[in-house]
Amino acid sequence: MSQETAAVNERGLYVPLRDYATDEFHNGWLIYRPTDDPFFVRIQIDGSAVPLDVPRAVLQQGMDQDAACMELWACPAADAGWVLWTVQCGGLRRRTFRVPRNLVAKHLTALYELVPLGQEGDRIDWDGALTVLLGGAS
């Protein structure tokens, strides 16, 4: 791992979102913190108090085929320029957004360059995580 890669604490991306049903515009951000949890990307959408923590593998797979986790279902749109994300979190109503495919693809490429597939576990302090889970001091 290069010194530059080790020093990256956060990588974010602004993503314009279009509500599929109403065509309303929403601001969104993809936030990746490889030192906190390299498996997940946080999705923050304006107007939603609760961010989504989504496996980056779901975002990647959703570019080409259906993929889902508890809070997000992703799939390619009929128009190749978009990906569809259906989100539901915190008991809020389910909403589907059109997301620019090229922005997501470019960002995911950068995230996998930062932490390659299969090397996520190397970035986690497992002893510290276990101590926290067991209720001890870290």
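Residues numbered from 1 in each chain as written. Predicted model: local features only at pLDDT ≥ 70, side-chain atom pairs only at ≥ 80, totals over all residues. Heavy atoms only, no water.

Looking now at the overall build of the protein chain. When helices and strands are tallied, the protein chain shows four helices and eight strands. Secondary structure of the protein chain in N-to-C order comes out as α-β-β-β-β-α-β-β-β-β-α-α. Among the 138 residues that make up the protein chain, the fraction classed as buried is 36%. Summarising the internal contacts of the protein chain: among those between residues at least 6 apart in sequence, 38% fall at separations of at least 24. For the protein chain, the exposed area adds up to about 8100 Å²; of that, 53% sits on carbon and sulfur atoms. (Helix = DSSP H or I, 4+ residues; strand = E, 2+ residues; numbered from the N terminus. Buried < 20%, exposed > 50% of the residue type's maximum accessible area, 1.4 Å probe, protein only. Contact = heavy atoms within 4.5 Å. Areas by Shrake-Rupley, 256 points an atom, 1.4 Å probe, with all protein chains shown as cover.)

With that settled, consider the sheet that holds strand β4 (residues 52-55). Strand order in the open sheet made by the eight strands is β4-β3-β2-β1-β8-β7-β6-β5, with antiparallel pairing throughout. Strand pairing shows two members of the sheet lacking a second neighbour, β4 and β5 (67-68), which therefore form its edges. As paired strands, strand β7 (residues 82-87) and strand β8 (residues 95-100) are joined by six bridges and run antiparallel to one another. Across the sheet, residue Val83 finds its bridge partner in β8, namely Val99. Sheet contacts for helix α3 (residues 101-114): β1 (11-19), β2 (25-32), β3 (40-45), β7 and β8; angle to β1, the most-contacted strand, approximately 155 degrees. (Pairing = 2+ DSSP bridges. Axes fitted to C-alpha atoms, helices over the stretch in contact; angles between N-to-C directions.)

With that settled, consider the pairing of β1. As paired elements, β1 and β2 share eight bridges and run antiparallel to each other. Its bridge partner being in β2, Leu13 is matched across the sheet by Leu30. Here β1 hands over to β2 after five residues, with Asp23 in that stretch at a positive phi of 65 degrees. Inspection of the sheet shows β1 paired to β8 by two bridges, in the antiparallel sense. Directly across from Asp19, in β8, lies its bridge partner Phe97.

This brings us to the pattern of salt bridges. One side chain can pair with another of opposite charge once the charged atoms of both are near each other. This model, assessed by the stated rule, comprises six salt bridges. Ionic pairing is found between Arg98 and Asp23, a salt bridge with its closest N-O pair at 2.5 Å. Taken together, the residues Arg98 in strand β8 and Asp23 in the loop between β1 and β2 connect sequence positions 75 residues apart. For Asp64, the salt bridge is made with Arg101, and the minimal N-O distance between the two is 3.1 Å. Residue Asp64 is found in the loop between α2 (56-61) and β5, and its partner Arg101 is found in helix α3; the two are separated by 37 residues along the sequence. Three or more residues are tied together by salt bridges with common partners; here these are Asp19, Glu24 and Arg95. (Salt bridge = Lys/Arg side-chain N within 4 Å of Asp/Glu carboxyl O.)

Positionally, Thr86 belongs in strand β7. In this structure the side chain of Thr86 is engaged in a polar contact, spanning 2.8 Å, whose partner is the side chain of Thr96. Once residues lying within four places of it in the same chain are set aside, the contact partners of Thr86 are Glu71, Leu72, Trp73, Arg94, Arg95 and Thr96. (Polar contact = N/O pair within 3.5 Å; in protein donor to acceptor, adjacent residues only side chain to side chain.)

It is worth spelling out unusual backbone geometry at this point. The backbone phi angle of Asp23 is positive, close to 65 degrees, even though this residue is not glycine. The exposure class of Asp23 is partly exposed, given its relative accessible area of 39%.

A few words now on the packing of aromatic side chains. Tallying each qualifying case throughout the model produces one aromatic pair. Centre to centre, the rings of Tyr14 and Trp29 are 5.8 Å apart; their planes meet at 65 degrees, and the pair counts as edge-to-face. Of this pair, Tyr14 sits in strand β1 while Trp29 sits in strand β2; the two residues are 15 residues apart in sequence, bridging distant segments of the chain. Using a relative accessible area of 36% as the deciding quantity, one classes Tyr14 as partly exposed. A cation sits over an aromatic face here: Arg98 above Trp82, 4.8 Å from the ring centre. (Phe/Tyr/Trp six-rings, centres within 6.5 Å; stacked < 30°, edge-to-face > 60°. Lys NZ or Arg CZ within 6 Å of the ring centre and 35° of its normal.)

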